[in-house]
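Below are the chains, spelled out letter by letter.
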Amino acid sequence: MSSRIEILNDGGYRSDGRRQYELRSIDIDMSPQGTADGCAVVSHGLTQVQVCVFGPREARKRAETLHDRAVLNVEVGVLPFSAGERRRRGRADRRILELAASIKSTFEPVIQTSLYPRSQIDIFVSVLAQDGGLLQACINATSVALASAGIALGDLVCAVSGGVHGTFPLLDLSALEEGDLPNVTVAITPRSGKVTLVTLETRLHVDRFGEVFARACEAGRVIHTEMRRAVRARTSKLVDAMGAGTKGTGEEDVERDVLMSEINDF
Amino acid sequence: MPRPPSPSIPEKEFLYGSLKQSLRLDGRNPLEMRTPTLTFGPDLGWVECAMGKTRVIAQVEGKMVKPPPERPLEGLITIHSELSPMASSEYESIRPSEEEVTITRMLDKVLRRSDVVDKESLCVLSGQRVWHLRLTIHCLADAGNMLDCACLAGVVALKHFRRPEVEVVGEEHDPSERAPLPLSMHHTPFCFTFAYFPDPTILPVLDPSHLEQRLSAGLMSVALNAQRELCVVQKAGGMPLDQQEVLRIVDVAVGKAKELDKLVETRLKEDWAGRTVEVR
């Protein structure tokens, strides 16, 4: 069926009306949910992922605690109605375990775990809707949720998927494109400009890879500005809600605020 | 079962110290892999691959089955792999560990999802009979870099395997009197694993040994064939790398794939020359 759909037409438009390097609309919602310490619902187009972060808190299993840093616990649940076909996946599904493992190892070096010794940080990922780019949505949502939980991060991690159609690199693939094209997911830490995660699962020529890889790294920065905007908007809303009490504390604080925002300009 | 103790501080310091001078404990260069030894068994499709002390056996067997109705024209390939405590005391037999999940998923991606075997050529009679290939991977000993060894063993086993040629006579199929056929394969991917270390001045090493793997800050696996086509790139987290560094590693792997392809081809040819295949 999908072979009849033109991935990229002569006018340079993709099947959903996007251009080659156009990302789907990103929506980041950081409103609190339940008792979670940090929460985020991130949607890339029709893919939607919710992440709840609990912690740092005392570890459930005493035996698993580490004396010098926090332990990360990542659990991924894919809701049965998230994809087109209703399908229940067990928690022991290898694909889900792999997804959880890659989220965990992506964030382990980014979270300043040594600040929270003998504790545990729980990250619960629920996939609400799938339309391609599952891994990127999970990573982006986890980044924002960790930030909203106030956990010390070295950097936000921004992930983007990319694919190659013929010789044209495309960015942020939908499920339809993902099925037909070789696809790459790249996660970068924008402040250092380094790459923390690269996955490619289909056959692709080395020369083509370099191209789409570079594009995806650039797009990671775009996602980063979106994330930063969302985190700032949320924080300023919280500051406003806390009332005018903090406003009249004098000039020094204002100055410090400016400095802090420069330092924390992540 | 108690976990084996992590490497001691002197061991760690010695390894990092020597890696800083581009020296490895087993005398290899940083980007040199252990030369794999391939031993072929009496049956076609039985291969033992050894890289240093890491040893893996791969075996392929074919069976005729009825294909699933949604894909009546395609044969089936299943991969069975298990990391038992036999390979290393780090693996438990009860629960699949994180490493085991990574290895099984990578094997699946490299050997099955990248379309190594032409599945349509495995069809005998559409909707009625297709070949079901079962690739079993036994990990015998883990002395580091089990993944590359298992992938190599699996690919070579598939290349070494010959399926019996059958002829369809009316509704029935008959084991004919023809020589067994090799599988038709699209390409031969090889997997290369690089380990990188917490100290950014230490260059990544190819084919890490057990100790290097334990002390590394992350692994990056690249699977590709000699035609410069990447099949799988896997760097899940670990220490962040520069963009250029990632591309450099891929370039190194390209060169290594060509070398390994030559080695595998000569070994297969040698084995095939010394083998007489009986026609039943």
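Owing to the predicted nature of the structure, the values given are computational and were not obtained by experimental measurement. (Residues numbered from 1 in each chain as written. Chains lettered and ligands numbered in written order. Predicted model: local features only at pLDDT ≥ 70, side-chain atom pairs only at ≥ 80, totals over all residues. Heavy atoms only, no water.)

Peer 1: Would you mind going over the overall build of chain A with me for this structure?
Peer 2: Counting its secondary structure elements, chain A contains 5 helices and 10 strands. Taking all 266 residues of chain A together, 46% fall into the buried category. Sequence separation of at least 24 residues holds for 68% of the intrachain contacts in chain A that already meet a minimum separation of 6. Approximately 13300 Å² of chain A is accessible, and the part contributed by carbon and sulfur atoms is 49%. (Helix = DSSP H or I, 4+ residues; strand = E, 2+ residues; numbered from the N terminus. Buried < 20%, exposed > 50% of the residue type's maximum accessible area, 1.4 Å probe, protein only. Contact = heavy atoms within 4.5 Å. Areas by Shrake-Rupley, 256 points an atom, 1.4 Å probe, with all protein chains shown as cover.)

Peer 1: What's the story with the packing of aromatic side chains in this structure? I'm lost.
Peer 2: The geometry of an aromatic ring pair is captured by two quantities: the separation of the ring centres and the angle between the planes. Evaluation of the coordinates by the stated rule reveals 3 aromatic pairs over all chains. Summarising the aromatic geometry, the rings of A:F209 and A:F213 are spaced 5.5 Å apart at their centres and angled 20° between planes, so their arrangement reads as stacked. One end of the pair is A:F209 and the other is A:F213, both in helix α4 (residues 206-241) and 4 residues apart, which spans about a single turn. For the residue pair A:F209 and A:F213, the accessibility class agrees, reading buried in each case. With 6.2 Å between their ring centres and 75° between their planes, B:Y16 and B:F197 make a pair best called edge-to-face. Of this pair, B:Y16 sits in helix α1 (residues 9-20) while B:F197 sits in the loop between β11 (190-196) and β12 (205-206), and the two are 181 residues apart along the sequence. (Phe/Tyr/Trp six-rings, centres within 6.5 Å; stacked < 30°, edge-to-face > 60°.)

Peer 1: How should I be thinking about the pattern of salt bridges in this particular structure?
Peer 2: A side chain of one charge can pair with a side chain of the opposite charge when the charged atoms of the two come close. One pass over the structure, following the stated rule, counts 31 salt bridges over all chains. We note a salt bridge from A:R215 to A:E218, for which the minimum N-O separation is 3.8 Å. Here the residue A:R215 and the residue A:E218 both occupy positions in helix α4, the gap between them amounting to 3 residues, near one helical turn. Owing to a relative accessible area of 31%, A:R215 belongs among the partly exposed residues under this scheme. Exposure remark for A:E218: the relative accessible area of 48% places this residue in the partly exposed category. Residues joined in a network through salt bridges with shared partners are A:E98, A:E201, B:R105, B:D108, B:K109, B:R112 and B:R113. (Salt bridge = Lys/Arg side-chain N within 4 Å of Asp/Glu carboxyl O.)

Peer 1: Looking at this structure, how should I read the sheet that holds strand β5 (residues 119-129) of chain A?
Peer 2: Either a parallel or an antiparallel arrangement is found when strands of a sheet pair, and the pairing is made through backbone hydrogen bonds. Residues and elements named next belong to chain A. The strand order across the open sheet formed by 5 strands is β1-β2-β3-β5-β4, and the pairing between neighbours is mixed. With one partner strand each, in any of the chains shown, β1 (26-29) and β4 (71-78) form the two edges of the open sheet. Across the sheet, the axes of successive neighbouring strands diverge by a mean angle of 15°, strand direction being ignored. Against the sheet, α4 makes contact with β1 and β2 (38-44), and its axis sits at roughly 30° relative to β1, the strand it touches most. (Pairing = 2+ DSSP bridges. Axes fitted to C-alpha atoms, helices over the stretch in contact; angles between N-to-C directions.)

Peer 1: Explanation requested: unusual backbone geometry in the structure shown.
Peer 2: With glycine set apart, most residues show a phi of negative sign, and most peptide bonds adopt trans. The residue after A:G55, namely A:P56, is reached through a cis peptide bond having omega 0°. Summarising the element assignment, A:P56 is placed in strand β3 (residues 47-58). Positioned with a positive phi, B:N145 is a non-glycine residue whose angle comes to about 55°. Within the secondary structure layout, B:N145 lies in the loop between β6 (129-141) and α3 (146-160).

Peer 1: Is there a simple way to think about the UniProt feature "domain: Exoribonuclease phosphorolytic" (unreviewed entry) in chain B in this case?
Peer 2: Here the UniProt-annotated "domain: Exoribonuclease phosphorolytic" (unreviewed entry) positions come out as residues 37-164 and 188-254 of chain B. Its end C-alpha atoms 13 Å apart, residues 188-254 of chain B is made of 27% helix and 34% strand. (UniProt positions renumbered as here; feature names shortened; annotations may be inferred.)

Peer 1: What exactly am I supposed to notice about the nonpolar core here?
Peer 2: It is characteristic of soluble globular proteins that their nonpolar side chains tend to be buried jointly. A:I121, B:I137 and B:F192 are the most contacted members of the largest nonpolar core, which has 131 residues in total. The residues touching B:F192, leaving out its near neighbours within four places in the chain, are B:M33, B:D148, B:L206, B:M220, B:S221, B:V222, B:L224, B:A253, B:K256, B:A257 and B:L260. Listed in part, the 8 residues of the second largest apolar core include B:I202, B:V205, B:L211 and B:L215. (Core = buried A, V, L, I, M, F, W, Y, C linked by side-chain atoms within 4.5 Å.)

Peer 1: Any chance you could explain the side chain of B:K256 here in plain terms?
Peer 2: All names here are of chain B. Mapped onto the elements of the fold, K256 is located in helix α5 (residues 243-273). Buried and unpaired, K256 has E259 as its nearest opposite-charge partner, separated by 4.3 Å. Not counting chain neighbours up to four residues away, the residues in contact with K256 comprise L31, E32, F192 and L206. (Lys, Arg positive; Asp, Glu negative; His and termini not counted.)

Peer 1: What exactly am I supposed to notice about the interface of chain A and chain B here?
Peer 2: Interface extent is often summarised as the accessible area lost during association of the parts. Residue-level contacts link 30 residues of chain A with 35 residues of chain B. Taken together, both faces of the contact between chain A and chain B bury some 2900 Å²; the carbon and sulfur share is 56%. Contact with chain B buries area across many residues of chain A, yet A:R94, A:E201 and A:R203 alone supply 24% of it, more than any other trio. Viewed at the interface, chain B and chain A are joined by 6 salt bridges. For B:R105, the salt bridge is made with A:E98, and the minimal N-O distance between the two is 2.9 Å. The tally of links from chain A across to chain B stands at 16 residue pairs in polar contact (both at pLDDT 80 or more). The set of elements that each furnish at least two residues to the side of chain A that touches chain B consists of α1 (94-107), β9 (194-200), β10 (204-205) and α4 of chain A. (Buried area = accessible area lost by both parts, 1.4 Å probe. Polar contact = N/O pair within 3.5 Å; in protein donor to acceptor, adjacent residues only side chain to side chain.)

Peer 1: Would you mind going over the pairing of β9(A) with me for this structure?
Peer 2: Counted residue by residue, β9(A) has 6 buried out of 7 residues, so it is predominantly covered. Looking at chain direction, strand β8 (residues 183-189) of chain A and β9(A) are connected through 6 bridges and run antiparallel. Looking across to β9(A), one finds that A:V186 is bridged to A:V198. If you look at the hairpin formed by β8(A) and β9(A), you'll find 4 residues sitting between the two strands, and A:G193 has a positive phi there, around 70°. With 3 bridges joining them, β9(A) and strand β14 (residues 229-235) of chain B adopt antiparallel strand pairing. Along β14(B), the bridge assignment pairs A:T199 with B:Q234.

Peer 1: Help me understand α1(B), please; the structure alone is not making it clear to me.
Peer 2: Each full turn of the α-helix corresponds to 3.6 residues, which orients residues three or four apart in the same direction. Residue and element names in this part refer to chain B. In this model α1 runs 16 Å from its N-terminal to its C-terminal C-alpha over 12 residues, within 8% of the 16 Å that 1.5 Å per residue would give. Taken residue by residue, α1 has L15, S18 and L19 as its buried positions. Within α1, the buried residues cover an arc of 100° as seen down the axis, which keeps them to one side. Looking at α1, the residues exposed on the side facing more than 90 degrees away from the buried face are I9, P10, E13 and K20. Of the surrounding elements, those touching the buried residues of α1 are β12 and α4 (210-215). A positive phi of about 60° marks S22, the residue just after α1. (Expected span 1.5 Å × (residues − 1). Arc of directions from axis to C-beta.)

Peer 1: So what exactly am I meant to see when it comes to the pairing of strand β4 (residues 76-82) of chain B here?
Peer 2: Two faces, one strand: in a regular strand the side chains alternate between the faces of the sheet. Residues and elements named next belong to chain B. Residues of β4 alternate between two faces, with I77, I79 and S81 buried on one and L76, T78, H80 and E82 left unburied on the opposite face. For β4 and β6, the ladder comprises 7 bridges, and the chain directions are parallel. Considered in β6, the bridge of I77 is made with L133.

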